[in-house]
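Coordinate analysis (summary)
The residues making up each chain are set out below.
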Amino acid sequence: MVLRARPGRDEDERVVVHRLASAREAPRDVVERCRMVELSWDGWLVPQIADELGCGQKTVRRWLHRFNRLGLEGLEDLGGQGRKRRITEAERSKIVGLVKQTPPGRLEVQPSNEMWAANESGPSEWTLDTLAAAARDLGIEVSRSQVRRILRAEGVRWRRTRSWTRSKDPDFEGKGRGSSSSTSARPPARRWSAPTNSAR
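A brief look at the structure comes next. Just so we're clear, the structure is a prediction, and the values are computed from it rather than from any experiment. (Residues numbered from 1 in each chain as written. Predicted model: local features only at pLDDT ≥ 70, side-chain atom pairs only at ≥ 80, totals over all residues. Heavy atoms only, no water.)

**Re the environment of Ile-87**
Inspection of the secondary structure assignment puts Ile-87 in the loop between helix H4 (57–70) and helix H5 (89–99). The class for Ile-87 is buried, based on a relative accessible area of 7%. A C-alpha to C-alpha distance of 7.6 Å links Ile-87 and Val-142, two positions 55 residues apart in sequence. Leaving out residues up to four positions away in the same chain, Ile-87 has contacts with Arg-92, Ile-140, Glu-141, Val-142, Gln-146 and Ile-150. (Helix = DSSP H or I, 4+ residues; strand = E, 2+ residues; numbered from the N terminus. Buried < 20%, exposed > 50% of the residue type's maximum accessible area, 1.4 Å probe, protein only. Contact = heavy atoms within 4.5 Å.)

Here you go:
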């Protein structure tokens, strides 16, 4: 029977595999294993994948089997072969995904023109601290510094500031225009020339 990587369980898993297969910051081994899965999805056979990646067919079969059985976590390093990564690639993706979500404490204008937040006691803006806390709520043990490293590696901006002068309310009036352009500028200082010998 021909061995192939099973289809992605959901869109998130497929997106993560494709992203890691071409990632520059992720560990090289994980990138290679995701590439194996990606090539298998594209219809490549085990011998072709092994030739393309310069590895043995047994290695390709091992990681395809592990992906089929365990998903993305199956592509992590095997136990007993060096230090295991504290944060899995699946967990990294969840942390990155948090940034794309609206913070639960952010007030948003509803169709009724009322302001409403999913959780008024929650954060209104994403910061490293609030992202780390949200990740821990998902069962991911991560520190503030780890969140920073993950987001920097992914090129993700985690803080969004909004000006208080902006509003979707049609009756809202922003700040007035700046100073009138008719205000006279400060007159230039008179330039004095040094005395010359001819004045003597």
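What follows continues from the structure just given.
**Quick look at the nonpolar core**
Ranked by size, the top nonpolar core spans 23 residues in total, and within it Cys-34, Val-37, Val-60, Leu-64 and Leu-75 carry the most contacts. Of all elements in the fold, only helix H1 (11–21), helix H2 (28–41), helix H3 (46–53) and H4 reach the threshold of two or more residues within this core. Tallying contributions element by element places H2 first for this core, with six residues. Excluding its chain neighbours within four sequence positions, the residues that come into contact with Val-60 are Met-36, Val-46, Ile-49, Ala-50 and Cys-55. Counting 17 residues, the second-largest nonpolar core is a separate cluster that includes Ile-87, Leu-98, Ile-140 and Val-142. (Core = buried A, V, L, I, M, F, W, Y, C linked by side-chain atoms within 4.5 Å.)

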